[in-house]
Amino acid sequence: KPKVFIARNVPKEVENYIAKHCIYDKWDRPELIPRDALLASLSDAEGLLTFGGKIDAELLDHAPKLKVVSTMSVGYNHFDLAAMKARGVMGTNTPDVLNETVADLIFALILASARRVTELDRYVKEGQWKRGNNQNLFGLDVHHKKLGIIGMGGIGEAVARRATWGFQMEVLYHNRSRKPAAESELGATYCSMDKLLQEADFIVLMTPLTPETQRLIGEREFGLMKPSAIFINASRGQTVDEQALISALEQKTIYGAGLDVFEREPISPDNPLLKLPNVITLPHIGSATSKTRFDMAMLAAQNMVAALNGHIPPQLVKELRA
Ligand code: 8YV
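Residues numbered from 1 in each chain as written. Predicted model: local features only at pLDDT ≥ 70, side-chain atom pairs only at ≥ 80, totals over all residues.

Attention now moves to the domain arrangement of the chain. Each domain of the chain was delimited in the assignment, giving domain 1 (3–96 + 290–320) and domain 2 (99–281). Centre-to-centre, using C-alpha coordinates, domain 1 lies 32 Å away from domain 2. Listed by partner, the interface residues are five residues for domain 1 and six residues for domain 2. Taken together, the residues that form the side of domain 1 that touches domain 2 break down as one nonpolar, three polar and one charged. (Domains from an automatic or database assignment. Contact = placed C-beta atoms within 7 Å. Nonpolar A, V, L, I, M, F, W, Y, C, P; charged D, E, K, R; others polar.)

Next comes the structure, spelled out in structure tokens:
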């Protein structure tokens, strides 16, 4: 049986599945595995089950037998694809199984930002609820508004379904390629990024982080948005120029933001975003329901086992396909 290393706790059933096919070591403490401990665990590993943390030349140097790195995430911006390719190490991810769960969270951010749910929850709990003119509590409608999706993959489509079918919203999207199914089945309209930024009431950023999408949204892009626009990011923090976002929110050139991801995670306690009432901050929990995290862990384990059994794993990332 091949030897593998499991770098983050997985459900018992997933561990049992791995045990059937592999000999394994694991990191089972609640805190994230430190880099040195990870490097030290890879000397004879053929497979690595991970979730984040750079997979780069240094790590591969410590793992001479490694054949596959399987990440329990759809994003694989932590893979140094060139280094992996150079050594013939496969990389797999977990697309699709998290689409609906992440789309639910994006909708939670849209609704909570527009109707100021977290801000008003604090208001009630702090005993500020008084009778009288409550116009200062008013928010914005979501239904029948215009939603702009940048990055129309599986998650973007799941957001679009909720928007058109549930909230009668008009959906604009921008993507590297046109998505005929999103257009015919969901009535989404393809447009340039500038037009989307200028017209959308809600802007959802859902692109993977790549060299091309690094700081895709910066000062110029925030400048194009309407003062009533709400910006939602559940992709990766580095797709946004965070300073430019902070300025737009402080100067109220946009209405608010709902953020599940940040340039640095965990966010620093003195990040100005934490002081702004018109921002909702979440600790990168887009896919975090028990069922979806189970499905992601199982799929990642299956990818790893398939690769070690000499098969091409179903979710081999596209850059590493032959
Ligand atoms: C991950 C994510 O589960 O899938 C992704 O790309 O960002 C999350 O769903 C999380 O990063 C794992 O810790």
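Structure shown, so let's carry the discussion forward.
Looking now at the pairing of strand β2 (residues 23–26). In the sheet, strand β1 (residues 3–6) pairs with β2 via four bridges, with the strands oriented parallel. Paired with Lys3 across the two strands is Ile23, which belongs to β2. The parallel pair β1 and β2, bridged by helix α1 (residues 12–21), forms a crossover whose chirality is right-handed. (Pairing = 2+ DSSP bridges. Helix = DSSP H or I, 4+ residues; strand = E, 2+ residues; numbered from the N terminus. Right-handed = clockwise from strand over helix to strand, strands pointing away.)

Here we take up the sheet that holds strand β12 (residues 279–281). Strand order across the open sheet formed by seven strands is β8-β7-β6-β9-β10-β11-β12, with parallel pairing between neighbours. Two strands lie at the open edges of the sheet, namely β8 (189–190) and β12, each paired on one side alone. Pairing analysis gives four bridges linking strand β9 (residues 202–205) to strand β10 (residues 230–233), with the strands arranged parallel. Opposite Ile203, over in β10, you have Phe231 as the bridge partner.

UniProt annotation of "domain: D-isomer specific 2-hydroxyacid dehydrogenase NAD-binding" (unreviewed entry) refers to residues 107–286 when read in the numbering used here. Segment residues 107–286 splits into 33% helix and 15% strand. End C-alpha atoms: 11 Å apart. (UniProt positions renumbered as here; feature names shortened; annotations may be inferred.)

To continue, consider the nonpolar core. In this structure, Ile106, Ile149, Val159, Ile203, Val204 and Ile232 are the most contacted members of the largest nonpolar core, which totals 94 residues. By residue number, the principal contributor to this core is helix α12 (residues 290–308), which donates ten residues. Residue contributions to this core reach at least three from each of two domains, namely domain 1 (3–96 + 290–320) and domain 2 (99–281). Once you skip the residues sitting within four places of it in the chain, Ile149 turns out to touch Gly156, Val159, Ala160, Val171, Tyr173, Val204 and Met206. (Core = buried A, V, L, I, M, F, W, Y, C linked by C-beta atoms within 7 Å. Buried ≥ 20, exposed ≤ 12 C-beta atoms within 10 Å, placed from the backbone.)

Moving on, we come to unusual backbone geometry. Omega for the peptide link from Glu265 to Pro266 comes to -5 degrees, which places this bond in the cis form. Notably, Asp96 is not glycine yet its phi reads approximately 70 degrees, a positive angle. Note on placement: Asp96 falls in the loop between β5 (90–92) and α5 (99–114). Overall, the presence of 14 C-beta atoms within 10 Å leaves Asp96 in the partly exposed class. One non-glycine residue, Lys252, adopts positive backbone phi at about 55 degrees. Along the chain, Lys252 falls in the loop between α11 (242–250) and β11 (256–259).

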